[in-house]
Amino acid sequence: GAVVSQHPSWVICKSGTSVKIECRSLDFQATTMFWYRQFPKQSLMLMATSNEGSKATYEQGVEKDKFLINHASLTLSTLTVTSAHPEDSSFYICSARDSKTGANSPLHFGNGTRLTVT
Amino acid sequence: GNSVTQMEGPVTLSEEAFLTINCTYTATGYPSLFWYVQYPGEGLQLLLKATKADDKGSNKGFEATYRKETTSFHLEKGSVQVSDSAVYFCALWMDSSYKLIFGSGTRLLVRP
């Protein structure tokens, strides 16, 4: 089945540093990937839609300059949390849809990245 | 706008009990509906889906029927196991918005 690989699975960084999270579709191509953020015991909030070869579309309230998204190829999207602060600590999850399947095909999710900013 | 409402958890059941997790949705069109499951410390796995009214999705003993008249997609399982303990998310997808919208999630705890 379709596999989405997310790396790293967890990261601890110091306040003020930047962290890059990778999301790869291993056996399919994805023109669009989605980045979610999940707070403890809460649902997933869509942060942005990542489009291959173009700018990401951010949801209202998400800082574009803080959460940089790059989708340089059909199998890779990256999320960079710039100048991280403790309030950025969260569980970040990416997802992707196979570009070759129909509109009703499900999204495939990575296993998430636990970010802790100290 | 489009939204999904799930029953609040946690839901605590004994092994082999019957499970129902309620999910209702609000949508301006005809969404596709999904149930995802999240085990501790992991991402989401698709459990089942339904793309049109009266469709029944099923997988691993779980079932859900797309009810347009009641705008519902309740998750059911006849006999739960300890290994079913997880958080379950109901979600809808609208082609018009190209977004997957999640409910708040329901934590299920099954005791032996």
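You'll find the structure just up there.
This is a predicted model, so every value here is computed, not measured.

J.: Can you lay out the interface of chain A and chain B for me, pointing to particular residues and giving the numbers?
T.: Listed per partner, the contact involves 21 residues of chain A and 21 residues of chain B. Between chain A and chain B the total buried area reaches about 1,700 Å² when both faces are included, carbon and sulfur atoms providing 56% of it. Where chain A packs against chain B, one counts one salt bridge. Among the salt bridges present, the one from B:K99 reaches A:E59, with a minimum N-O distance of 2.8 Å. Across the chain A-chain B interface, the total number found is six residue pairs in polar contact (both at pLDDT 80 or more). Among the elements of the structure, β4 (32-38), β5 (44-51) and β9 (90-96) of chain A are those that each provide at least two residues to the side of chain A that touches chain B. Element by element, the count of residues in the side of chain A that touches chain B is highest for β4(A), at four residues. In the side of chain A that touches chain B, the residues fall into ten nonpolar, eight polar and three charged.

J.: Give me the sheet that holds strand β7 (residues 56-59) of chain B: which residues, what numbers.
T.: Working definition: the strands of a sheet are paired by backbone hydrogen bonds and lie parallel or antiparallel to each other. Residues and elements named next belong to chain B. Spatial strand order, β3-β9-β8-β7: four strands in an open sheet with antiparallel pairing. Single-partner strands in this sheet number two, and they are β3 (19-21) and β7. For this sheet, the mean inter-axis angle between neighbouring strands, taken without regard to orientation, is 15°. The sheet contact formed by strand β8 (residues 62-65) and strand β9 (residues 75-77) spans three bridges and is antiparallel. Note on β9: the bridge partner recorded for F62 is K77.

J.: Account for the state of the cysteines, naming residues and giving values.
T.: Here the structure, examined in full by the defined rule, presents two disulfides over all chains. The disulfide partner of A:C23 is A:C94, and the gap between their sulfur atoms is 2.0 Å. The S-S bond linking A:C23 to A:C94 shows a torsion near 80°; that makes this disulfide right-handed. Taken as a pair, A:C23 in strand β3 (residues 19-25) and A:C94 in strand β9 lie far apart in primary sequence, 71 residues in all. Each member of the pair, A:C23 together with A:C94, is buried. The disulfide that involves B:C23 links it to B:C90, with 2.0 Å between the sulfurs. Here the disulfide of B:C23 and B:C90 is left-handed, its torsion about the S-S bond being about -70°. Of this pair, B:C23 sits in strand β4 (residues 23-26) while B:C90 sits in strand β10 (residues 86-94), and the two are 67 residues apart along the sequence. With respect to class, B:C23 is no different from B:C90; both count as buried. In this model A:C13 remains outside any disulfide bridge; the closest cysteine sulfur is found in A:C94, 18 Å from its own. The exposure class assigned to A:C13 is buried, which follows from its relative accessible area of 9%.

Scoring rules and cut-offs
- Residues numbered from 1 in each chain as written.
- Chains lettered and ligands numbered in written order.
- Predicted model: local features only at pLDDT ≥ 70, side-chain atom pairs only at ≥ 80, totals over all residues.
- Heavy atoms only, no water.
- Contact = heavy atoms within 4.5 Å.
- Buried area = accessible area lost by both parts, 1.4 Å probe.
- Salt bridge = Lys/Arg side-chain N within 4 Å of Asp/Glu carboxyl O.
- Polar contact = N/O pair within 3.5 Å; in protein donor to acceptor, adjacent residues only side chain to side chain.
- Helix = DSSP H or I, 4+ residues; strand = E, 2+ residues; numbered from the N terminus.
- Nonpolar A, V, L, I, M, F, W, Y, C, P; charged D, E, K, R; others polar.
- Pairing = 2+ DSSP bridges.
- Axes fitted to C-alpha atoms, helices over the stretch in contact; angles between N-to-C directions.
- Disulfide = S-S within 2.5 Å.
- Buried < 20%, exposed > 50% of the residue type's maximum accessible area, 1.4 Å probe, protein only.

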